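# Coordinate analysis (summary)
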Amino acid sequence: MRVTKKRTFVKTAIYRVWILFTSYLFFVFVGKSWSDAIGPTLALNFLYSIGYYTYDRIWQNIKWGIEK
């Protein structure tokens, strides 16, 4: 079983869109204005996207729990 980098990227992108939306709502609900919530949301999600992609690619190399 092999997972392509393209699949990992698409999976990461879809997940990050969801997290982007929920992060933005969180910042708004904790008191940030709509416009003040944009900067922290984008910065955090950019960094977390790189982290998630790397984490997922590492797990692709771990054979534990994979059955044919």
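Residues numbered from 1 in each chain as written. Predicted model: local features only at pLDDT ≥ 70, side-chain atom pairs only at ≥ 80, totals over all residues. Heavy atoms only, no water.

### Brief notes about the overall build of the chain
How we decide: Segments assigned H or I by DSSP are reported as helices when at least four residues long, segments assigned E as strands when at least two residues long, and all are numbered from the N terminus. Our radius of gyration looks at C-alpha atoms and nothing else; its globule reference is 2.2 Å times the residue count to the power 0.38. Should any heavy atoms of two residues lie within 4.5 Å, those residues are considered in contact. All accessible areas in this document rest on Shrake-Rupley with a 1.4 Å probe, and a residue is counted as covered only by the protein chains that are shown.
Regarding its fold elements, the chain presents 2 helices and 0 strands. Taken against the 2.2 N^0.38 rule, which gives 11 Å for 68 residues, the C-alpha radius of gyration of the chain at 15 Å runs more than 25% over that of a compact globule. Taken along the three principal axes of its C-alpha coordinates, the chain extends 50 × 20 × 15 Å. Restricting the contact set of the chain to residue pairs at least 6 apart, pairs at least 24 apart contribute 60%. Total accessible area on the chain is roughly 5,700 Å²; 70% of this is exposed by carbon and sulfur atoms.

### A few points about the environment of Q60
Stated precisely, the cut-off is as follows: Think of it in three bands: with a 1.4 Å probe and only protein chains considered, a residue is buried below 20% of the maximum accessible area for its type, exposed above 50%, and partly exposed in between.
Among the secondary structure elements, Q60 is positioned in helix α2 (residues 38-60). Of the residues examined, Q60 reaches a relative accessible area of 23% and is grouped as partly exposed. In this structure, the C-alpha to C-alpha distance between Q60 and T4, residues 56 residues apart in sequence, is 9.3 Å.

### As for α2
Residue pairs three or four apart in sequence face the same way in an α-helix, which turns once every 3.6 residues. Cut-off, in case you're wondering: The span expected for a helix works out to 1.5 Å for each residue beyond the first.
The end-to-end C-alpha distance of α2, which contains 23 residues, comes to 33 Å, matching closely the 33 Å that a straight helix rising 1.5 Å per residue would cover. Close packing links the buried residues of α2 with α1 (5-29).

### Considering the pattern of salt bridges
Heads up, the rule is: Salt bridge, as applied in this entry: a Lys or Arg side-chain nitrogen positioned within 4 Å of an Asp or Glu carboxyl oxygen.
Inspection of every chain in the model, using the stated rule, returns 1 salt bridge. Here D56 and K11 are joined by a salt bridge, their closest N and O atoms 3.2 Å apart. Residue D56 is found in helix α2, and its partner K11 is found in helix α1; the two are separated by 45 residues along the sequence. Note on D56: relative accessible area 8%, which makes it buried.

### Re the packing of aromatic side chains
Stated precisely, the cut-off is as follows: Ring geometry is summarised as follows: Phe, Tyr and Trp rings, the Trp one being its six-membered ring, pair when their centres sit within 6.5 Å, and such pairs are stacked at plane angles under 30 degrees, edge-to-face over 60 and tilted between the two.
Overall, the coordinates contain 4 aromatic pairs when judged by the stated rule. Considering the side-chain rings of W18 and F21, the 6.2 Å spacing of their centres and the 35° angle between planes classify their relative orientation as tilted. Highlighted residues: W18 and F21, both in helix α1, separated by 3 residues, approximately one helical turn. Residue W18 is classed as exposed on the basis of its relative accessible area of 51%. Given the relative accessible area of 47%, F21 is considered partly exposed.

### Regarding the environment of I38
Looking at the element boundaries, I38 is found in helix α2. The partly exposed category is assigned to I38, whose relative accessible area is 39%. Sequence separation of I38 and L25 is 13 residues, and the distance between their C-alpha atoms is 10.0 Å.

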